[in-house]
Amino acid sequence: MSADSQASSPVPLVRAGGIGVRRAGRWIFREVDLEVVRGNLVFLIGANGAGKTTCAKAALGLIDIDEGYVDRSPSLCVGYVPQRLAVSPTLPLSVRRLMQLTGRFPASEIDSALNSVGLERLGDPPVVNLSGGELQRLLLASALIRKPDLLVLDEPDQGVDVAGSDVLHSLIDAIRISTDCGVLWISHDLELAMKAGDDFVVLVPHEHEDRPLSRPDAV
Ligand SMILES: Nc1ncnc2c1ncn2[C@@H]1O[C@H](COP(=O)(O)OP(=O)(O)OP(=O)(O)O)[C@@H](O)[C@H]1O
Ligand SMILES: [Mg+2]
């Protein structure tokens, strides 16, 4: 890469400006600006119910926004690790079957994705038999197999103990550095965001007024 291209500002993978989502007669959040560029780690922070999951889905275009704008780079490939496993834990779903839920990947690519999160020795047990930490790493592997430009992690360390959480954090950082993907990481942990993030956005839960916003840059 030339010095010139390094100096120019990177094109954002996703950029949201002044976004807000209104559902069931109330604003869930308003006035959120968010930008993730390749290689950067950006945290989306807030208490329970502040609107983090809704905001991430809005930034990815999975749900409609009610104000503001979102730009995503063309043909952006997103690896999304949702907060909750969308399939019932009572389903007889095996590890390798879960890895095929978003597409048909060759066994070698599944091995490589499992390897990258340290689950190469797991075999093919039912997903319900995994520990919390193993399940989070499996969900990460199923996002990584798509070779995403942008990795979106919705509280990836929930239900994981401190040691497991440290392992997960190091793993996510290593993946970001080796693949140069952008990472949007949803968390409650402001301290972690301040320590580890290139940037962070804080959502504050409050009653958002039902009025047009007067932004300082608006005329
Ligand atoms: N489609 C919807 N209709 C009505 N209310 C909704 C809808 N989606 C989300 N909400 C509400 O918006 C609020 C924010 O939800 P969201 O799941 O985004 O919060 P969160 O910050 O991710 O919380 P947590 O930390 O618990 O995961 C909640 O009060 C939720 O009930
Ligand atoms: Mg959430």
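When you go through the protein residue by residue, the secondary structure sums to seven helices and eight strands. A separation threshold of at least 6 residues defines the contact pool for the protein, and within that pool the share at least 24 residues apart is 75%.

Attention shifts here to unusual backbone geometry. Despite not being glycine, Ala 24 has its phi angle at roughly 50°, a positive value. If you trace the backbone, Ala 24 turns up in the loop between strand 1 (12-23) and strand 2 (26-37). Here Ala 24 falls in the exposed class, since 5 other C-beta atoms lie within 10 Å of it.

On the basis of which strands lie adjacent, the open sheet formed by five strands has the order 5-6-7-3-8 and parallel pairing. Each edge of the open sheet is held by one strand with a lone partner, namely strand 5 (78-81) and strand 8 (199-203). In this sheet, adjacent strand axes meet at a mean angle of 15° when their direction is disregarded. In the packing of helix 5 (residues 132-144) onto the sheet, contacts are made with strand 5 and strand 6 (150-154), and the angle to strand 5 comes to roughly 165°.

The next point concerns the sheet that holds strand 4 (residues 67-72). Spatially, three strands are ordered 2-1-4 in an open sheet, and the strand pairing comes out antiparallel. The open sheet has two edge strands with one neighbour each: strand 2 and strand 4. With strand direction ignored, the average angle separating the axes of adjacent strands in the sheet is 15°. Here strand 1 pairs with strand 2 via eight bridges, running antiparallel. Each residue of the ladder has a partner; that of Ile 19, found in strand 2, is Val 32.

Turning next to helix 5. Spanning 13 residues, helix 5 covers 18 Å between terminal C-alpha atoms, matching the ideal 18 Å at 1.5 Å per step. Inspection of helix 5 places Gln 136, Arg 137, Leu 138, Leu 139, Leu 140, Ala 141, Ser 142, Ala 143 and Leu 144 among the buried residues, and these make up the whole buried set.

Taken together, the neighbourhood of ligand 1 is formed by Arg 23, Ala 24, Ile 28, Gly 46, Asn 48, Gly 49, Ala 50, Gly 51, Lys 52, Thr 53, Thr 54 and Gln 83. Per-element accounting of the shell around ligand 1 gives the leading share, three residues, to helix 2 (residues 52-60). Classifying every residue of the shell around ligand 1 gives three nonpolar, seven polar and two charged.

Once that is clear, we can look at the environment of Thr 90. Checked against the element boundaries, Thr 90 lands in the loop between strand 5 and helix 3 (95-99). On the neighbour-count criterion, Thr 90 (7 C-beta atoms within 10 Å) is exposed. Sequence separation of Thr 90 and Pro 126 is 36 residues, and the distance between their C-alpha atoms is 9.8 Å.

So, on to the environment of Arg 96. Turning to its location among the elements, Arg 96 is positioned in helix 3. Judged by C-beta crowding, with 16 C-beta atoms within 10 Å, Arg 96 ranks as partly exposed. Not counting residues within four places of it along the chain, the set of residues in contact with Arg 96 comprises Ile 110 and Asp 124.

If you look at the biggest cluster of nonpolar residues, it comprises 49 residues, and the most contacted ones within it are Leu 44, Ala 141, Leu 150 and Val 152. The dominant element in this core, judged by the number of residues it contributes, is helix 5, at six residues. When residues no more than four places from it in sequence are discounted, the contact partners of Leu 44 are Lys 52, Cys 55, Ala 56, Leu 184, Ile 186, Val 201 and Leu 203.

When a strand is regular, its side chains alternate between the sheet's two faces. Most of strand 3 (residues 41-46) is tucked away, with five of its six residues classed as buried. Inspection of the sheet shows strand 3 paired to strand 7 (residues 182-187) by five bridges, in the parallel sense. The partner of Phe 43 across the bridge, within strand 7, is Trp 185.

Turning our eyes to something else, we now look at the pairing of strand 7. Counting buried positions along strand 7 yields six of six residues, so the element is predominantly enclosed. Where burial is concerned, the two faces of strand 7 agree: the one with Gly 182, Leu 184 and Ile 186 and the one with Val 183, Trp 185 and Ser 187 are both buried.

Moving on to the confidence of the model for the protein. Averaged over every residue, the pLDDT of the protein is 88; residues scoring 70 or more account for 89%. Note on residues 1-5: pLDDT under 50 across the span, and one contact to partners over four residues away in sequence or across chains.

Rules behind the numbers
- Residues numbered from 1 in each chain as written.
- Chains lettered and ligands numbered in written order.
- Predicted model: local features only at pLDDT ≥ 70, side-chain atom pairs only at ≥ 80, totals over all residues.
- Helix = DSSP H or I, 4+ residues; strand = E, 2+ residues; numbered from the N terminus.
- Contact = placed C-beta atoms within 7 Å.
- Buried ≥ 20, exposed ≤ 12 C-beta atoms within 10 Å, placed from the backbone.
- Pairing = 2+ DSSP bridges.
- Axes fitted to C-alpha atoms, helices over the stretch in contact; angles between N-to-C directions.
- Expected span 1.5 Å × (residues − 1).
- Near = placed C-beta within 6 Å.
- Nonpolar A, V, L, I, M, F, W, Y, C, P; charged D, E, K, R; others polar.
- Core = buried A, V, L, I, M, F, W, Y, C linked by C-beta atoms within 7 Å.
- pLDDT = per-residue confidence, 0-100.

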